[in-house]
Amino acid sequence: MEFAEYVARQRPALMRFATVLTCRTWLAEDLVSNVLGRAFERWERISVMAEPNAYVRRMVVNEYLSWRRRLTRTSPRAEVEPVAISDGAHERAERDAMVHRLARLPRKQRAAVVLRYYAGLSDREIATQLGCRESTVRSQIHRALNALRIDLTASAPSFQEIS
Amino acid sequence: MSDLRTLHDAFAELERHADAADARTAPAVRPRRAVRLVPVMATVVAVAGLVASAVWLVPADSGMPTAGQPSTASSTTTARTPVPASSDELIARFRVVLGDTATFEVTTKGPFSEVPALSEHNLPPGLASAVPLTVNSNVPTDALISGTLTSAGVTGGFGLMIYSADSEPTQWCSFHREGPGLTPTRPEDCPVSTLPDGSRLATETVRPYPGTVAHMACLKRPDGTTVLLHVSNQEDPSGAAINSPGGRIYSPQSPLTLDQLKAIVTSDKW
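This section reports on the structure supplied with the text. Note on numbering: residues in each chain are counted from 1, in written sequence order. To read the labels, note that chains go from A and ligands from 1, taken in the order they are written. Two thresholds apply to this predicted model, a pLDDT of at least 70 for residue-level local features and 80 or more for giving and counting side-chain atom pairs, whereas whole-chain, interface and lining totals are computed over all residues.

The secondary structure listing takes helices from DSSP runs of H or I that are at least 4 residues long and strands from runs of E that are at least 2 residues long, numbered from the N terminus. Along chain B, the regular secondary structure elements total 4 helices and 7 strands. Of the regular secondary structure in chain B, the N- to C-terminal order runs α-α-α-β-β-β-β-β-β-β-α. By residue count, 54% of the 270 residues in chain B fall in the buried class. At a minimum sequence separation of 6, the contacts of chain B that also span at least 24 residues come to 72%. In this scheme every C-beta is placed from the backbone, and a residue whose C-beta has 20 or more other C-beta atoms within 10 Å is buried, one with 12 or fewer is exposed, and one in between is partly exposed. Think of it this way: build a C-beta for each residue from its backbone, and any pair within 7 Å is a contact.

As structure tokens, this is what we get:
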């Protein structure tokens, strides 16, 4: 696949993934752009991989996790009170509150949650992507779910989980 | 407690924002490549503590300097290059323009050491418009600073950038930005006035979160030189981004008024 074709096909999905990962569209744009720029430089090698998109997505995760200084500067500070969001619709307020809590998660926890529940990766795949043990992935997700105030027994999700 | 369905709803909401952002940066929507500089700068400026959204009203005839600034309308005829060649030069000019109005301390300077911007020559033919960020090689990207600014005992965050592009100053208006928890803004909340010399001035005030306020003034001179200034009462006005409060709040109000920002960007001392 030509790189231009890959970008045309996959960039929207990468933008979605990066936005879910960063909770910031401007950061996602920057993230995806940087990754695509570097992917282009090594496209000959990436394009012959079994799953080029998985590789590029991993580049996105790595890029995100490496932007320590930038994210430190732009991450919510503990002393900043959460913003109560309510436009009258309970579901919408709950959803927006969830986005807010997601945005406040530590980077690795957020990456683990996104890879698990958004990208649908297994613990092993997440461990590979994040460069840690599966047990670490499970503990990261456990802590993240606590911070997100998610009760896995509350209701059956409408999507299939991949373990 | 919530359940996973809510988490999935949150993902879906973020996806919608991604799609909206993608649509805004799609080549068909933004055909001018030079405009692509703006998202690059937006990112860096946001990181540096600048990017602000805004909801505010400006009198139609209020585009001229006030609030003690000794400046007049912008000048395009200076012996120096319109765009400072470096952050240090920008700092020196900013100091002159501010005079006694305020003091400032720079914490971040360009160029973009952490954001390896793409340029058109490291992209394949025909791809420049498909990749969201490209930098016009004619546009200096060094004239960028941010930090803290203090006026009359009030401290806040600021960000300043001078660059050259053909994009409109409204590129910086917050109605281009959106996110859960953000107060929706409209184009009419970011008025643009044309000054006597033909410069275009966009101004806005945003209160992204309770207790925060950020002013933005962006002047595009007839030659394309654009002066962008954000001043906020918080560390990082990029609280305009999705649910990312902008750091520590320094003061109850912004150290400068919007009129003062207008006076600064239109100063003839740049």
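Two numbers describe a pair of packed helices, the interaxial angle and the distance between the axes. Residues and elements named next belong to chain A. To get an axis, a line is fitted to the C-alpha atoms, and for a helix only the part in contact is used. The angle between two axes follows their N-to-C directions and goes from 0 to 180 degrees. It is the contact of helix α7 (residues 107-118) with helix α9 (residues 134-147), at a shortest axis distance of 8 Å, that shows an interaxial angle of 95 degrees. Looking at the two axes, α7 sits roughly perpendicular to α9. Contact residues: α7 offers Lys108, Gln109, Arg110, Ala112, Val113 and Arg116, while α9 offers Val137, Gln140, Ile141, Arg143 and Ala144. Residue polarity follows a fixed list, in which Ala, Val, Leu, Ile, Met, Phe, Trp, Tyr, Cys and Pro are nonpolar, Asp, Glu, Lys and Arg are charged, and the others, Gly among them, are polar. Partitioning the contact of α7 with α9 into residue classes produces 5 nonpolar, 2 polar and 4 charged. Each angle receives one of four descriptions, namely roughly parallel if under 35 degrees, roughly antiparallel if over 145, roughly perpendicular if within 65 to 115, and oblique otherwise.

Our next topic: the pairing of strand β6 (residues 214-220) of chain B. All names here are of chain B. For β6, a buried count of 7 out of 7 residues is recorded, marking the element as mostly surrounded by other parts of the structure. Neither face of β6 is open: one carries Ala214, Met216, Cys218 and Lys220, the other His215, Ala217 and Leu219, and all of them are buried. In terms of strand pairing, β6 meets strand β7 (residues 225-232) through 7 bridges, oriented antiparallel. Looking at β7, one finds that Ala217 is bridged to Leu229. Should DSSP find at least two bridges between two strands, the strands are taken to pair. From the end of β6 to the start of β7, which pair antiparallel, there are 4 residues, and Gly224 there has a positive phi angle of about 95 degrees.

Residues and elements named next belong to chain A. The length a helix should cover is 1.5 Å for every residue beyond the first. The first and last C-alpha atoms of α9 sit 20 Å apart over 14 residues, in line with the 20 Å expected at 1.5 Å per residue. Every buried residue of α9 is listed here: Val137, Gln140 and Ala144. Projected down its long axis, α9 shows its buried positions confined to an angular sector of 65 degrees, all on one face. In α9, the exposed positions angled more than 90 degrees off the buried face are occupied by Ser135 and Asn146. In this structure, the buried side of α9 is in contact with α7 and α8 (123-130). Once α9 finishes, Arg149 follows within two positions and takes phi at roughly 60 degrees, a positive value. Directions are taken from the helix axis to each C-beta atom, and the arc is the one they span.

With that settled, consider the sheet that holds strand β1 (residues 103-109) of chain B. Strands pair in a sheet through their backbones, by hydrogen bonds, and they do so in one of two ways: parallel or antiparallel. Residue and element names in this part refer to chain B. Reading across from one edge, β1-β2-β3-β7-β6-β5-β4 is the order of the 7 strands in this open sheet, with antiparallel pairing throughout. Looking at which strands have only one partner, the edges of the open sheet turn out to be β1 and β4 (192-194). Ignoring which end each strand starts from, the neighbouring axes of this sheet average 20 degrees apart. In the sheet, strand β2 (residues 144-151) pairs with strand β3 (residues 154-164) via 8 bridges, with the strands oriented antiparallel.

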